[in-house]
Amino acid sequence: MNINKKRIYLSPPHMGDKEFAFVTEAFKSNWIAPVGPHVDMFEKEFCKYIGARYAAAVSSGSAALHLALILLGIQSGDEVICSTLTFAATANPIIYQNAIPVFVDSELTTWNMDPSCLEEAIRDRVRKGKKPKAVIVVHLYGQSADIDPILDICSQYDILLIEDAAESAGAYYKEKHTGTYGKFGIFSFNGNKIITCSSGGMLVSDDDALIQKAKFLSTQARDPAPHYQHSHIGYNYRLSNILAGIGRGQLYILEERVHARRANFDFYKKELGGIPGIQFMPEAEFGKSNRWLTCLTIDPLKCGFTREDVRLALEAENIESRPVWKPLHLQPVFQEYPYYGSGVAEELFDKGLCLPSGSNLSKEDIQRVVKVFIHVYQNIMKL
Ligand SMILES: *Cc1c(COP(=O)(O)O)cnc(C)c1O
């Protein structure tokens, strides 16, 4: 590895100029707790930005998903449908509840849950007497899934939808923000996401009572009594007031971050789009992607090299890139669970690569990435 060259990361944090002032304010007022004015304001401001009615700020996207499942009453043995092409964190909370994930394949137009596979899965589970209790749909890499047909199928079978919008802050399906269509939407502010609090998450819903209950459960489920009284099992899932301060600052510049990431995508596409066998992740016409990560597929039959050739060549130059998520139904830990599909997610994993996509990626750095990529292509052409 060429360690003389500065490391280029896949998706590093990128602070603006307000975050530090908010954190300082938290210190000065001694609100160093998972409660305080930044937490309340972050919820309000986030709701306003995405057009949701209520929100609970929590310690991670995973915590938000777990709370969503608890609030929908998911219990031991229940089945929950889940996109297969995603990060493991989408499905882990299903297992926390001792429930059973049922994985559904992607469609090529969005890389997200294929509505016809979803329908097939629901029909088959119903036929087997195991009607799913909920569906978790992911908006992968900031591209929204095709929500309308998915909602239609869900309502036809009276199944509630949770949107895993962890990667899609700043992205839209039709005229509304992702995460505002389902019973719940969840967001992540982990260090690699488009905006970050270092760690954090948000649970949103139009149901006030459920969000109130989320706040109750995420602060150890303390009944209203002067002593410590508990009638429910609680969780320590609330967001710290310090981290909420970072989140408020990041929210101010989310639009700029989307703009910068979309510009990365456009640049890569312009420079690499002409290589035969390269296809960039499409953007469906029904919405706007935040282009969290620039992803493309490399067809070795058409271009003579694989995504691993490119990934290793980048790594040799101290540049981080990643294969597209390995489908969950192929993961050792989830292999035993049902899967419905025709191998689209598997193909995207085999051929897919995510390029460095930070909103603070300099012109010089992105040119370095492109140069290595083009070298791989030129070397093959000489053979
Ligand atoms: C990051 C991520 C999560 C989990 O969010 P954390 O804040 O890291 O817990 C869930 N789902 C997807 C699709 C993610 O990318």
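Note that the structure is predicted; figures quoted are calculated from it, not measured.

## Side note on the pattern of salt bridges
What the rule picks out here adds up to 20 salt bridges. With its nearest N and O atoms 2.8 Å apart, the salt bridge here joins Arg248 to Glu45. Linking Arg248 in helix H8 (residues 241-252) with Glu45 in helix H2 (residues 37-50), this pair joins segments that are 203 residues apart in sequence. A relative accessible area of 10% places Arg248 in the buried class. Residue Arg125 pairs with Glu79 through a salt bridge whose shortest N-O separation is 2.7 Å. Here Arg125 is found in helix H5 (residues 115-127), whereas its partner Glu79 is found in strand E2 (residues 79-83), with 46 residues between them in sequence.

## Focus: the side chain of Gln97
Along the polypeptide, Gln97 turns up in the loop between helix H4 (92-96) and strand E3 (100-104). Overall, the relative accessible area of 15% leaves Gln97 in the buried class. Setting aside anything within four residues of it in sequence, one finds Gln97 in contact with His66, Leu69, Ile70, Ile74, Gln75, Ser76 and Tyr235.

## As for the site of the ligand
Near the ligand you find 14 residues, and of these Gly61, Ser62, Glu167, Ser188 and Lys193 are the closest. Here Lys193 contributes a side-chain N or O atom positioned 3.3 Å from an oxygen atom of the ligand. Here the ligand has 380 Å² of accessible area as a free molecule, and 95% of this is covered by the chains.

## Points about the domain arrangement of the chain
Size of an interface, as often reported, equals the accessible area lost when the parts are brought together. Split by domain assignment, the chain resolves into domain 1 (19-253) and domain 2 (255-382). When each unit is reduced to the centre of its C-alpha atoms, the spacing between domain 1 and domain 2 is 26 Å. The interface of domain 1 with domain 2 comprises 48 residues on the first partner and 38 residues on the second. The junction of domain 1 with domain 2 conceals about 3900 Å² of combined surface from both sides, 64% of it contributed by carbon and sulfur atoms. If you look at where domain 1 meets domain 2, you find 0 salt bridges. Taken together, the links from domain 1 to domain 2 amount to 27 residue pairs in polar contact (both at pLDDT 80 or more). Among the elements of the structure, H4, E3, H5 and strand E6 (172-173) are those that each provide at least two residues to the side of domain 1 that touches domain 2. Across the side of domain 1 that touches domain 2, the residue classes tally to 25 nonpolar, 13 polar and 10 charged.

The rules behind these values
Residues numbered from 1 in each chain as written. Predicted model: local features only at pLDDT ≥ 70, side-chain atom pairs only at ≥ 80, totals over all residues. Heavy atoms only, no water. Salt bridge = Lys/Arg side-chain N within 4 Å of Asp/Glu carboxyl O. Helix = DSSP H or I, 4+ residues; strand = E, 2+ residues; numbered from the N terminus. Buried < 20%, exposed > 50% of the residue type's maximum accessible area, 1.4 Å probe, protein only. Contact = heavy atoms within 4.5 Å. Near = heavy atom within 4 Å. Polar contact = N/O pair within 3.5 Å; in protein donor to acceptor, adjacent residues only side chain to side chain. Areas by Shrake-Rupley, 256 points an atom, 1.4 Å probe, with all protein chains shown as cover. Domains from an automatic or database assignment. Buried area = accessible area lost by both parts, 1.4 Å probe. Nonpolar A, V, L, I, M, F, W, Y, C, P; charged D, E, K, R; others polar.

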